[in-house]
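# Structural characterization, general
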Amino acid sequence: MQFLCLGYLEPAKMDARPKDEINAVMNECMPHLDNFYKSGQVLVDAGLASEAKCLRRESGIVKVMDGPFIETKEMIGSAFLIEAQDMDEAIRIASLHPSVQIGAGEQFGWGIEIRPIHYFKMRD
């Protein structure tokens, strides 16, 4: 079974910190990412830029709005796809990700949402 995991952050909290502090926290991520990848169950891992657009159909017209998405203080900063037997195993694998391994991430609102994928189609 495949699971899409979305890594969240609160950009205002990160933007309020000096760049050198953010860089130091990000440098802590690498050993955790190595451990995460060594699980052998990470199919795709992607860090996402803050720029986003949101598409919505309103009154029969597709409208393009500035994102990242619906009103919220959190932003999706990463997405990864994992293979797991069930939600419990998906939680175990996702818990290896730096978002929840690095204590400093708490101050930035780092977290992960795990969602089972009902279907997945690759481009031919």
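Preceding this section is the structure that the text describes.
Read on for a plain summary of the structure. Throughout, a residue's number is its position along its own chain's written sequence, starting from 1. Since the coordinates come from a predicted model, pLDDT governs what is reported: local features require at least 70, and pairs of side-chain atoms require 80 or more to be given and counted, while whole-chain, interface and lining totals use all residues. Remark: hydrogens and water are excluded; side-chain values derive from all non-hydrogen atoms of the structure.

### A look at the overall build of the protein
- Think of it this way: any DSSP run of H or I at least four residues long counts as a helix, any run of E at least two long counts as a strand, and we number them from the N terminus. Looking only at helices and strands, the protein has 5 helices and 6 strands in total.
- Going residue by residue from the N terminus, the α and β elements of the protein occur as β-α-α-α-β-β-β-β-α-α-β.
- Seen through its C-alpha atoms, the protein measures out along the principal axes to roughly 50 × 40 × 25 Å.
- Whether a residue is buried, partly exposed or exposed follows from its accessible area with a 1.4 Å probe, protein chains only, as a fraction of its type maximum: under 20%, in between, or over 50%, in that order. Burial status across the protein gives 31% buried among its 124 residues.
- Note on definitions: a residue-residue contact is assigned when non-hydrogen atoms from the two residues lie within 4.5 Å. Restricting the contact set of the protein to residue pairs at least 6 apart, pairs at least 24 apart contribute 74%.
- With the model as given, the accessible surface of the protein reaches about 8500 Å², and the carbon-plus-sulfur share is 53%.
- Charged side chains in the protein number 13 positive and 19 negative. The centres of these two groups are separated by 7 Å. Per-residue and other accessible areas were derived by the Shrake-Rupley procedure at a 1.4 Å probe size, with only the shown protein chains allowed to occlude residues. When charges are counted, Lys and Arg contribute as positive and Asp and Glu as negative, whereas His and the chain ends are disregarded. Here the site of a charge means NZ on Lys, CZ on Arg, CG on Asp, or CD on Glu.

### Here we look at the pattern of salt bridges
- Each salt bridge in this description consists of a side-chain nitrogen of Lys or Arg and a carboxyl oxygen of Asp or Glu lying within 4 Å of one another. The full count for this structure, using the stated rule, is 5 salt bridges.
- The salt bridge involving arginine 17 is made with glutamate 21; its shortest N-O contact spans 3.6 Å.
- Judged by relative accessible area, arginine 17 falls into the partly exposed class, the value being 32%.
- Residue arginine 115 is joined to glutamate 113 by a salt bridge in which the shortest nitrogen-to-oxygen separation is 3.6 Å.

### Details of the sheet that holds strand 5 (residues 75-83)
- At least two bridges found by DSSP between two strands is the condition for calling them paired. Taken together, 4 strands build an open sheet; the order of strands is 2-5-1-6 and the sheet is antiparallel. At either end of the open sheet lies a strand with only one pairing partner, and these are strand 2 (42-47) and strand 6 (111-116). Between one strand axis and the next, the sheet turns by 20° as a mean value, whatever way the strands run.
- The sheet contact formed by strand 2 and strand 5 spans 5 bridges and is antiparallel. In this analysis, axes come from line fits to C-alpha atoms, helices being fitted only over the stretch in contact, and the angle between any two N-to-C directions falls in the range 0 to 180 degrees.

### Describing a nonpolar patch on the surface
- Residues form patches when they are more than 30% accessible in relative terms and have no salt bridge. Like charges link within 9 Å. Nonpolar side chains (Val, Leu, Ile, Met, Phe, Trp, Tyr) link within 5 Å. Nonpolar side chains collect at one region of the surface, where Leu55, Val62 and Val64 lie side by side and expose about 310 Å² of accessible area between them.
- As for its placement among the helices and strands, leucine 55 is situated in strand 3 (residues 53-58).

### A look at the environment of asparagine 35
- One can find asparagine 35 in helix 3 (residues 29-38).
- Remark: the alpha-carbon pair of asparagine 35 and isoleucine 93, spanning 58 residues in sequence, is separated by 9.9 Å.

### Some remarks on the nonpolar core
- By nonpolar core we mean a set of buried residues, namely Ala, Val, Leu, Ile, Met, Phe, Trp, Tyr and Cys, connected to one another through side-chain atoms within 4.5 Å. Membership of the largest hydrophobic core is limited to 12 residues, which are Phe3, Cys5, Leu33, Phe36, Val42, Phe80, Ile82, Ala84, Ala90, Ile93, Ala94 and Ile114.
- Among the secondary structure elements, those contributing two or more residues to this core are strand 1 (2-9), helix 3, strand 5 and helix 4 (87-94).
- In terms of residues, this core owes the most to one element, helix 4, which gives 3 residues.
- Excluding its chain neighbours within four sequence positions, the residues that come into contact with phenylalanine 36 are Val42, Asp45, Phe80, Ile93, Ala94, Leu96 and His97.
- Counting 9 residues, the second-largest nonpolar core is a separate cluster that includes Met14, Cys29, Met75 and Phe108.

### Quick word on the packing of aromatic side chains
- In summary, the pairing rule links any two rings of Phe, Tyr or Trp, Trp by its six-membered ring, whose centres are within 6.5 Å, and it sorts them by plane angle into stacked for under 30 degrees, edge-to-face for over 60 and tilted for everything else. Applying the stated criterion across every chain yields a total of 3 aromatic pairs.
- Aromatic side chains phenylalanine 36 and tyrosine 37 sit 5.7 Å apart centroid to centroid with 45° between the ring planes, which places their arrangement in the tilted category.
- Taking the relative accessible area as the measure of exposure, phenylalanine 36 reaches 0% and is therefore buried.
- Judged by centre distance (4.9 Å) and plane angle (80°), the rings of phenylalanine 36 and phenylalanine 80 are edge-to-face.

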